Amino acid sequence: MDSGAELGRAGELVAGARRLVAMTGAGISTDSGIPDFRGPNGLWTRDPAAERMSNFRDYVSSREVRELTWQARIEHPGWAAVPNAAHHALAELERRGILRAIVTQNIDRLQQKAGSDPDLVLELHGNMFESVCLDCADRRDMREALARVRAGETDPPCADCGGILKSATVSFGQSLDRALLDRAASAVRECDVLVVAGSSLTVQPAAGLVGLAANAGARVLVCNAAPTPYDDAAEVVLRGPLGETLPALL
Ligand code: NAD
Ligand code: ZN
């Protein structure tokens, strides 16, 4: 656990912030029952083959991967998950008027469910609650496609054009929404304090935003159980569980 001195320094950092940006990853949602990828109980740590389901090329080229992915979507814990103390702590920072944006790599919408203004949550990797056609770009409520899977279609095609359907998430090999990434870059360049919560900071370009913030003069606080490549850029690093460390910052 982190020493009281470190928690105190982190709390002072946050208390002194005027334009705070938070950057969140899968680790903020593990306490809500959604496993991360690379933590000790991470999906890929336990089953390295699961990585194929997050790879765009494998998804497009392999019907087998798509069928497995549809089953995983049905079983995704994100459907029933509720926000935890860490999400609520970030929502509280917004109520205090110092939070400018939450840049998230998460697809679970738990931050919005905790009461954060959806306009302030920049979902770099999209969300799991919509489907999108890879050919005609038709977007729909994901529950429509999942109902078809439950009814027996193992790889439901687009109802409009027959194209491949996928969740509206950004897989490895897909590019991020340029405008959204630009907004995130502006937010971190203009912030005075950047709080990283629950990310291994190994996925680009999201991780690079931390370097951008530090180079622009922001003070960086990293809250993550495992070391990250950006710990050296941080003024304070907290290793404790986010459900305790983030509320303690308030
Ligand atoms: P990651 O799995 O690479 O890293 C998560 C980090 O969080 C790990 O370093 C782990 O040690 C730490 N962690 C886990 N639980 C913690 C806790 N309770 N307290 C403190 N630290 C904790 O996740 P990432 O950096 O977000 O990148 C992985 C990719 O996975 C992203 O692209 C994201 O889109 C996707 N993803 C999202 C979800 C989700 O939406 N909840 C879940 C899994 C993966
Ligand atoms: Zn289509």
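The structure presented is a predicted model; accordingly, all values stated were derived computationally and were not measured. (Residues numbered from 1 in each chain as written. Chains lettered and ligands numbered in written order. Predicted model: local features only at pLDDT ≥ 70, side-chain atom pairs only at ≥ 80, totals over all residues. Heavy atoms only, no water.)

Trainee: Could you give me a rundown of the sheet that holds strand 4 (residues 126–133), with the residues and numbers involved?
Mentor: Spatially, three strands are ordered 5-4-6 in an open sheet, and the strand pairing comes out antiparallel. Looking along the sheet, the strands with just one partner apiece sit at the ends: strand 5 (139–141) and strand 6 (165–169). For this sheet the average axis-to-axis angle between neighbouring strands, irrespective of direction, equals 45 degrees. Note: strand 4 against strand 6, four bridges, orientation antiparallel. The residue of strand 6 that forms the bridge with Cys133 is Leu165. Most of the contacts of helix 7 (residues 142–150) go to strand 5, to which it runs at about 70 degrees, and overall it touches strand 4, strand 5 and strand 6. (Pairing = 2+ DSSP bridges. Helix = DSSP H or I, 4+ residues; strand = E, 2+ residues; numbered from the N terminus. Axes fitted to C-alpha atoms, helices over the stretch in contact; angles between N-to-C directions. Contact = heavy atoms within 4.5 Å.)

Trainee: Run through the environment of Ala185, naming residues and quoting values.
Mentor: Positionally, Ala185 belongs in helix 8 (residues 178–190). Expressed as a C-alpha distance, the spacing of Ala185 and Leu68, which sit 117 residues apart in the sequence, is 35 Å. For Ala185, the residues in contact, after removing those within four places along its chain, are Leu209 and Leu212.

Trainee: Any chance you could break down the pattern of salt bridges for me, citing the residues and the numbers?
Mentor: In total, this model carries 16 salt bridges according to the counting rule given. A salt bridge links Arg63 to Asp155; the shortest N-O distance between them is 3.9 Å. Here Arg63 is found in helix 4 (residues 63–75), whereas its partner Asp155 is found in the loop between helix 7 and strand 6, with 92 residues between them in sequence. Given a relative accessible area of 44%, Arg63 falls into the partly exposed group. Taking the relative accessible area as the measure of exposure, Asp155 reaches 11% and is therefore buried. When the shortest N-O distance is used, the salt bridge between Arg140 and Asp138 registers 2.6 Å. The exposure class of Arg140 is partly exposed, given its relative accessible area of 25%. (Salt bridge = Lys/Arg side-chain N within 4 Å of Asp/Glu carboxyl O. Buried < 20%, exposed > 50% of the residue type's maximum accessible area, 1.4 Å probe, protein only.)

Trainee: Tell me about the site of ligand 1, residues and numbers included.
Mentor: By nearness alone, 27 residues border ligand 1, and Arg38, Gln105, Asp108, His125 and Ser200 come closest of all. At a separation of 2.4 Å, an oxygen atom of ligand 1 approaches a polar backbone atom of Gln105. Considering only residue class, the shell around ligand 1 consists of 11 nonpolar, 12 polar and four charged. (Near = heavy atom within 4 Å. Polar contact = N/O pair within 3.5 Å; in protein donor to acceptor, adjacent residues only side chain to side chain. Nonpolar A, V, L, I, M, F, W, Y, C, P; charged D, E, K, R; others polar.)

Trainee: Please set out unusual backbone geometry residue by residue, giving values where relevant.
Mentor: Look at the link from Gln204 to Pro205: it is a cis peptide, with omega at 0 degrees. Residue position: Pro205 is located in the loop between strand 7 (193–197) and helix 9 (208–215). The residue Leu201 is not glycine, and still its phi comes out positive at about 50 degrees. Along the chain, Leu201 turns up in the loop between strand 7 and helix 9. Judged by its relative accessible area of 2%, Leu201 falls in the buried class.

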